[in-house]
Amino acid sequence: LEDKMLKPQKAGTTFQRKRRIDVSLTMSDLFQRKRRRVDPRAGDANGANNDHLGNSSNSDLANTLDSALSQLLTKNSLGMQIDKEMTENVLKYAYGGSTDRIGDLLIKHPAAIIALLNNLFGGKRIRQLETRLKCSRLVALATTASERLARSSSHDHAEVTESDEDVLSQVILKGSQLCEQLENMVSFTVVDNVEKTEGSAGRQLSAMCIQHPVVAQGVLIWAKELAGGSDFVTTASYPTISPCILSLARLICRHHPLARPAILEISLIFMGHSFSEISHRKMQSIKEQCLRLMLWLSTQGLSLAVLSAVQNKLEKGGSSEMDSALVRYFFTGILEIVRHPFSLSFVRALGTLMMKRPCVDALRSNHFEASKQELIVQLINQFEAACDCQKVQEEEDKSLLSMLKSTYCASKN
């Protein structure tokens, strides 16, 4: 709830957005913790007053850290860029306390980490090197805190290694600088190799993305903002750099499973691109690469999300974003990767997609090979077998199967 309320809003007045942020932070621990720090023994007759006075400096430091993080979240939610003062206020706690406390607090408020990464990798990134280094250090502290937490909860401590804070902050800064370099290049090289840390910007960034999930997360933020920009598709480098970005996204999703939903969003952004001055063949090639990435994601546990995304694309985008040739290309891949037994939810998702008019027109046309149409019939028969095996009683499921058979199997009988 806190993350949702702190997400920057474009709608509403500044006062309304500020009030929303105030409510969110008031109910969070950043504010409530101060009310619980009052020592209940401070007024007793057993000398507890001295203990209370001894702990006051620690409480003041903790209050300062909470206030500094609240200020950072507030200004970021209002659309302000993180500046040197904000980062210094958070890092002040390290002068009188432990840096572990800063990292522990940051991972409890993911919105702050996303804000820092956006200011390092996003389109409106920080230009001042000193401020970028401080942001990198804060992200590094959050990363080491999460590694420390994972290590403490792991049965085999050797499985989780803690990164060096100083080295990691330099790596994060370098990653953001490499993304900035790639924006001014026509293309770059992507390699699945952690040893090639020297050479071109693409090779260096590929190795960083494999070794450091936090850099991979920042690169995805960069790629999403770049691809989502209104002018990106009209740039001269679009036809050559887009395949490189998609290749880098595929590399990331191979090594970091939790990044896969974000990569699906990026592929959908590219599917929505169109520009009359780019040749039809080149645009189709980029979109086919997007579909191959989505098919690979389907084999990694995101099949339902991919099918839902394609259906939404057909309903809202129409043929301008996904024409009949791309529909046939997608279903050719589906027929190659799906194998029974099927879950009922998968039958419903794929069956519903197959009944959409663009799919029916594309799959029943003469451009779709007869052998593949035969595989469609076999797939529907397997759907029916899966429903019989699971003793489906819902009328909607029976109706869906009936429509699929009448649409795709009637002409084959």
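Structure's up top.
This structure is a prediction, so every number in the text was calculated from the model and none was measured.

Our focus in this paragraph is the packing of helix α8 (residues 110-121) against helix α9 (residues 129-153). In contact at an axis separation of 10 Å, α8 and α9 are set at 140° when each is read in the N-to-C sense. Seen along the crossing, α8 lies across α9 with a hand that is left-handed. Contacts between α8 and α9 involve Ile113, Leu116, Leu117 and Leu120 from the former and Arg132, Cys135, Ser136, Leu138, Val139 and Ala142 from the latter. Among the residues making up the contact of α8 with α9, the classes are represented as eight nonpolar, one polar and one charged.

Attention now goes to the packing of aromatic side chains. All told, the structure shown has five aromatic pairs when counted by the stated rule. Ring centres of phenylalanine 232 and tyrosine 238 lie 5.1 Å apart, and the angle between their planes is 75°; on these two criteria the pair is classed as edge-to-face. Taken as a pair, phenylalanine 232 and tyrosine 238 share a single burial class, namely buried. The interplanar angle of 90° and the centroid separation of 5.7 Å between the aromatic rings of phenylalanine 330 and phenylalanine 331 together place this pair among those described as edge-to-face. Here phenylalanine 331 falls in the buried class, since its relative accessible area comes to 1%. Three or more aromatic residues link up through ring pairs in this structure, and these residues are Phe232, Tyr238 and Phe270.

On inspection of all chains with the given rule, the structure shows 18 salt bridges. Ionic pairing is found between lysine 372 and glutamate 369, a salt bridge with its closest N-O pair at 3.5 Å. Note on glutamate 369: relative accessible area 40%, which makes it partly exposed.

We now examine helix α2 (residues 14-26). An ideal rise of 1.5 Å per residue puts 18 Å on 13 residues; α2 measures up with 18 Å between its terminal C-alpha atoms. Three or more residues of α2 are buried, namely Arg17, Ile21, Ser24 and Leu25. Projected onto a plane normal to the axis of α2, the buried residues spread over an arc of 90° and lie on a single side. Away from its buried face, by an angle of more than 90 degrees, α2 presents the exposed residues Phe15 and Arg19.

Another aspect to go through is helix α19 (residues 370-389). With 20 residues, α19 extends 29 Å between its outermost C-alpha atoms, agreeing within 8% with the 28 Å of an ideal straight helix rising 1.5 Å per residue. Listed in full, the buried residues belonging to α19 are Gln373, Ile376, Val377, Leu379, Ile380, Phe383, Ala386 and Cys387. Positioned one or two residues after α19, lysine 391 has a phi angle of 50°, which is positive.

A few words now on the state of the cysteines. Counted according to the given criterion, the structure contains zero disulfides. Here cysteine 179 is not cross-linked by a disulfide; its sulfur's nearest cysteine counterpart is in cysteine 209, at 7.1 Å. Cysteine 179 sits in the buried class, given a relative accessible area of 0%.

Taken N-terminus to C-terminus, the directions of α19 and helix α20 (residues 395-409) make an angle of 160°; their axes are 10 Å apart at the nearest point. One element, α19, and the other, α20, form an angle in the roughly antiparallel class. As α19 packs across α20, the resulting crossing turns out to be left-handed. The residues of α20 that touch α19, namely those facing Ile376, Val377, Ile380, Phe383, Glu384 and Cys387, are Leu401, Leu404, Lys405, Tyr408 and Cys409.

Rules behind the numbers
- Residues numbered from 1 in each chain as written.
- Predicted model: local features only at pLDDT ≥ 70, side-chain atom pairs only at ≥ 80, totals over all residues.
- Heavy atoms only, no water.
- Axes fitted to C-alpha atoms, helices over the stretch in contact; angles between N-to-C directions.
- Helix = DSSP H or I, 4+ residues; strand = E, 2+ residues; numbered from the N terminus.
- Left-handed = near helix turned anticlockwise from the far one by under 90°.
- Contact = heavy atoms within 4.5 Å.
- Nonpolar A, V, L, I, M, F, W, Y, C, P; charged D, E, K, R; others polar.
- Phe/Tyr/Trp six-rings, centres within 6.5 Å; stacked < 30°, edge-to-face > 60°.
- Buried < 20%, exposed > 50% of the residue type's maximum accessible area, 1.4 Å probe, protein only.
- Salt bridge = Lys/Arg side-chain N within 4 Å of Asp/Glu carboxyl O.
- Expected span 1.5 Å × (residues − 1).
- Arc of directions from axis to C-beta.
- Disulfide = S-S within 2.5 Å.
- Parallel < 35°, antiparallel > 145°, perpendicular 65-115°, else oblique.

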